Each structure stands twice: as structure tokens, then as C-alpha cells.
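Descriptive structure summary
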Amino acid sequence: MADKKDISRRHFLGTASCAALGSVSLLTGLLNLKATGLLASNAHRMNLRPQNDYKALVCILLAGGNDSFNMLVPTDDQPFQDYETTRSNQSLKKADLLSITDTQGNFGIHPSMPEVHQLYQQQNLAFITNVGTLVEPVSDRAAYEAGLSNLPVGLFSHADQIQQWQTSVPQTRSAVGWGGKLADLLQASNTSQDISMNISLSGNNIFQAGNQVVEYAISPFGNGSTGIDGYGEEDLLDEIKTAATKNLLEQQYQDIFKQTYADITRQAQANHEQFSAAIGGVALNTVFSPSYFSQALNMVAKTIAARNILGVNRQTFFITFGGWDHHDELLNNQAGMLSVVSKGLGEFNQALGELGLANEVTTFTISDFARTLTSNGNGTDHGWGGNALVMGGAVKGGQFYGTYPSLALRQSLDVGDGVLIPTTATDTYFAELAMWLGVAPSDLPLVLPNIGNFYAPGSNTPPMGFLL
């Protein structure tokens, strides 16, 4: 029988968080302690065996609520007339839009997104249309107003909706993300457990927080990871600091919490050195723009290039690009930000081609919600269903998945001011991504508890069909 000290120490190891050490630069090693327990408890699962191939998901959060019905606009006569009438002074000119076609008609991509337009034409990018948070299907405005369906908690709230896109559990507030649950299932697919399967370029996030595994947070700059300041440097003062720090970390402490703190810090520093060395050996020919978003994608590409050194076969990456809450100055602000997104995606696609890994990496966007179709005078307000994009060599691109809605006011999906009921659930969108990464259909409910309301995991058809 384990003594109380041993039990207490193991409990601390299993529940310690980044806040415990108070320094983000040291704490990404914590996940390894949690992952170790996960592998021991779930080693019987078939999909935990190391994989021979490589696959990665890159999740891009457009935080604040992207006005995605200006990102993707119908251009056939009546649909465009509805768009212009409903959007009034927030509408774009048809002549400025970048023309594309789908089986649902003719459309235009925002003129600030030429790289996205090219990727669509090359069939490396697809749009997921009118997608949003749902607990169960909501058929129309009458059902919504009558309360016939369970609705997401805090609908139209930034805090709730940005969380629910990351958890896909809209009926409750949760701190466990569906990307974290992916890692709970698939982390052991990696031959090395030193670095988490989940890599964040935006610090702590809900998407990558699992029941056992958490994210490894890195920076877009330098070699990504940051260790103890001055540790291992050649400057005399730094050498003294390194020797003193090493002495503190290598001591054996009677107090279990002091010992655990030293163990975690030592492991975090070792992980930093391992990660930095792996990234330091990567050189890409692709030139990335100086924006934070592009540089974050540059670091993702470098990390993917170092996959063999790091011993990983499955990964997720998370990037937040904030500032999309355009209640004011929508047209100018969104144009500039969509340009940043488009350039970054084009550069990232080029880098993956350079690495020969375009088919092994799938990039997708999420956002709190779309915006009202109606103008508030100088911008738009919080909406619901909207449009997302998914990119990669495995994407069956050049088409839409889901139903693009009518943008006329007072139609059956409009619950007021052009707030549209989603016709595609986030669960269906995410199930396609999860299965592509390697989650068994029978395990989908472990990742997406509501999936049975939208898709039968035992069926022979894919959830949406946008991935090969």
C-alpha cells in the first residue's frame, strides 16, 4: 500500500498546471507528467499504437467573430440582390469579388484574399458553409422561438461561443477541448512522449486541453521554446547562474512539493533544450510575411519539419488571430485582416509543398460566430451560423460542404437581424477532422459527445466528405 506522501506527490504531479510555477517559459513540460499517466491507463486502446505515417491538424481561431458572409458572397442575380439589400452599407461590390463556382451557384471570395482564391481554384481549399454551435438540429425560426430544441448556453456571448467552438459541447461550460481529447486518445501514436502532441502558438487554450494531455506552448520567434533565462549561456554571470540553478534542481528535497517543483522545472528545461535543438536545424526556403500570424505558421512549418527528430507521428497546432469583433469600421478592418490570413495560408501551403507534406497537414478555421447580416450603422453585431475554410492536400477542395443559406431577411433561418441558424453543426465539421487524424469511428463520442445527434459513427459514409 502506497504511503500518504507518495499518494500526495502523485496527485500533485497529475494535477499541477502552468499556474503552479508562475512562468510560462518553464511550464510546458508539465504535460509529460500527465501524458505518462494517460499512456499507462489507456495502453489497451488499439489506436494508441505508434503510427508509421504522419498527420497534423492546424486550428486557426479567428477570435472575436469573423463576418464570414463578406468573406464568401453569392454572386448570382437574386442571391446577390438579397445580399446587397440585407447588408446595405456593409456590402461589397460584385465587381471586386474574386469569382468561384460551386454546385450551389456562383460566388465571390473577398478581394483581400487572392491566395485563398488560388488555393480554392487549385482544389486545395474548401468552404464549410453556415456552420455553428448546435446541441441538436434546430429546423427553423419557428422551432427556435418555440423552444423546441436545446440551444447552446450563452448563445451570442463571446466567452461562451469561443469556448464552445473549442469544446464542441455547447450545452455546458467546459474546460476540456476536443483537440485535447484527440490527444488523450492519440498521444501514444508518437514514438517519443517528451513533447506533447498538442503544440500551441498562442499559450494556454481550451481547444488543446484534454483530460490528461495539455499543450506545449511555444513562440513564433527564435527556436520556439524558451527556457530558464541565461541557463547554459557562455557569459560568466550566466555560467554562475546556471551552476547555481543546476545545484538547486539536482538536490533531493524532503518536502514532496519542493521536490516535485524541482522535477518539473528540470524536465521543462530539458524539453526546451530538445525542442530548440530540433528547430535550430530546420531551414526553409519559403519566405513568410512579418505578421505575427505568418510567423506563427512559419514556426508550425519548422516544427513539422523537425517531426522525426521530435519523434512525433500525430500533432495538433493552435493559433489565435484576434480582433474580429467589428462592431465599427467593418469594411476597412476586415479587409486588412483577411489579407493577413490569406497571405499566411498561401505561404504555409507553399512551405508544406517544400517539405513534401501538403497531403499530411490539414488547416482549418474556427470563430466565435458570424455577424448579423444587417448593419448597425458602421459595423455588424454578434451572429450565429457562418462560413469556415479548410485547407490541405487531403482536402477535396474547389467546392462547398454544407448548405449556403439565403441572405434575405425574414427567411426561415433568420432569427432576427440576419442572425442565421446553422445548418451544419461544429460536431459534423470536427468529426471529419478527427477521423482523418486517426480517431476510430467508435471513439468519436469520446471526443464529440453530441455527435450522435448529427451523424451515425457506425455508418459507412464520412461525416461531411471533405477529406480524402
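1. A few points about the overall build of the protein chain
Looking only at helices and strands, the protein chain features 16 helices and 12 strands. Here the protein chain holds 468 residues, and the buried ones make up 56% of them. Taking contacts inside the protein chain between residues at least 6 apart in sequence as the whole, the part at least 24 apart equals 72%. Accessible surface computed for the protein chain: about 18,500 Å², of which carbon and sulfur atoms make up 51%.

2. Observations regarding the pattern of salt bridges
If charged atoms from side chains of opposite charge come close, those side chains can pair. In this structure the tally under the stated criterion is five salt bridges. Between Arg87 and Asp67 there is a salt bridge, and its shortest N-O distance comes to 2.7 Å. With a gap of 20 residues between them, Arg87 in helix α5 (residues 77-87) and Asp67 in the loop between β1 (55-63) and β2 (72-74) connect regions that are remote in the sequence. Summarising the burial analysis for this pair, Arg87 and Asp67 share the class buried. Where Arg371 meets Asp325, a salt bridge forms, and the shortest distance between an N and an O atom there is 2.9 Å. You can see Arg371 sitting in the loop between β9 (361-367) and β10 (386-391) and its partner Asp325 sitting in the loop between β8 (314-322) and α14 (330-355), a full 46 residues away along the chain.

3. So, empty space enclosed by the protein
Using the criterion set out here, one finds one cavity of 30 Å³ or more in the structure. If you add up the space inside the largest cavity, you get close to 110 Å³. Ser68, Trp165, Ser367, Asn387 and Ala388 are the residues nearest the centre of the largest cavity, which is lined by 15 residues in total. Of all the secondary-structure elements, those providing two or more residues to the lining of the largest cavity are β9 and β10. Looking at the lining of the largest cavity, its residues break down into nine nonpolar, six polar and no charged.

4. A short note on the sheet that holds β2
On the basis of which strands lie adjacent, the open sheet formed by three strands has the order β2-β4-β3 and antiparallel pairing. The strands lining the two open edges of the sheet, one partner per strand, are β2 and β3 (98-102). This sheet shows a mean twist of 35° between the axes of neighbouring strands, independent of strand direction. Note that β2 and strand β4 (residues 105-109) share three bridges and pair antiparallel. Looking across to β4, one finds that Pro74 is bridged to Phe107. On the sheet, helix α6 (residues 114-121) packs against β3 and β4 and is oriented at approximately 30° with respect to β3.

5. Details of the packing of helix α12 (residues 292-305) against α14
α14 packs onto α12 with a crossing angle of 15° between their chain directions and a minimal axis gap of 9 Å. Taken together, α12 and α14 sit at an angle that is classed as roughly parallel. Judged by the sense of rotation from one axis to the other, the crossing of α12 with α14 is right-handed. Residues Phe293, Ser294, Leu297, Val300, Ala301, Ile304 and Ala305 of α12 pack against Val340, Val341, Lys343, Gly344, Leu345, Glu347, Phe348, Ala351, Leu352 and Leu355 of α14. Here the residues of the contact of α12 with α14 sort into 13 nonpolar, two polar and two charged.

6. Overview of the environment of Gly280
When you line up the elements, Gly280 lands in helix α11 (residues 256-280). Considered as a pair, Gly280 and Thr303 are 23 residues apart in the sequence and their alpha carbons are 9.9 Å apart.

7. Structural notes on the nonpolar core
If you look at the biggest cluster of nonpolar residues, it comprises 64 residues, and the most contacted ones within it are Phe127, Ile304 and Phe348. When near neighbours in sequence (up to four residues on either side) are disregarded, Phe348 contacts Val58, Phe288, Leu297, Val300, Ala301, Ile304, Val361, Thr363 and Met391. Within the second largest apolar cluster, 40 residues are counted, among which are Leu185, Phe364, Ile366 and Val390.

8. Some details on the environment of Val58
For Val58, the location among the structural elements is in strand β1. Under the relative-accessibility criterion, Val58 is labelled buried at 0%. Between the alpha carbons of Val58 and Phe364 there is a distance of 6.3 Å; along the sequence they are 306 residues apart. Among residues more than four places away in sequence, those in contact with Val58 are Leu297, Val300, Phe317, Phe348, Val361, Thr362, Thr363 and Phe364.

9. Observations regarding the pairing of β9
A large share of β9 lies buried, amounting to seven of its seven residues. With burial as the criterion, each face of β9 is covered, one bearing Val361, Thr363, Thr365 and Ser367 and the other bearing Thr362, Phe364 and Ile366. The pairing of β1 with β9 spans seven bridges and is parallel. Its bridge partner being in β9, Leu61 is matched across the sheet by Ile366.

Basis of the calculations
- Residues numbered from 1 in each chain as written.
- Predicted model: local features only at pLDDT ≥ 70, side-chain atom pairs only at ≥ 80, totals over all residues.
- Heavy atoms only, no water.
- Helix = DSSP H or I, 4+ residues; strand = E, 2+ residues; numbered from the N terminus.
- Buried < 20%, exposed > 50% of the residue type's maximum accessible area, 1.4 Å probe, protein only.
- Contact = heavy atoms within 4.5 Å.
- Areas by Shrake-Rupley, 256 points an atom, 1.4 Å probe, with all protein chains shown as cover.
- Salt bridge = Lys/Arg side-chain N within 4 Å of Asp/Glu carboxyl O.
- 1 Å grid on protein atoms, 1.4 Å probe; cavity = no way out; pocket = protein on both sides within 12 Å on 5 of 7 lines; lining within 4 Å.
- Points joined across faces, edges and corners; volume = space filled by probe spheres on them.
- Nonpolar A, V, L, I, M, F, W, Y, C, P; charged D, E, K, R; others polar.
- Pairing = 2+ DSSP bridges.
- Axes fitted to C-alpha atoms, helices over the stretch in contact; angles between N-to-C directions.
- Parallel < 35°, antiparallel > 145°, perpendicular 65-115°, else oblique.
- Left-handed = near helix turned anticlockwise from the far one by under 90°.
- Core = buried A, V, L, I, M, F, W, Y, C linked by side-chain atoms within 4.5 Å.

It is worth stressing that arrangement in space is one thing and function is another; only the former is reported here.
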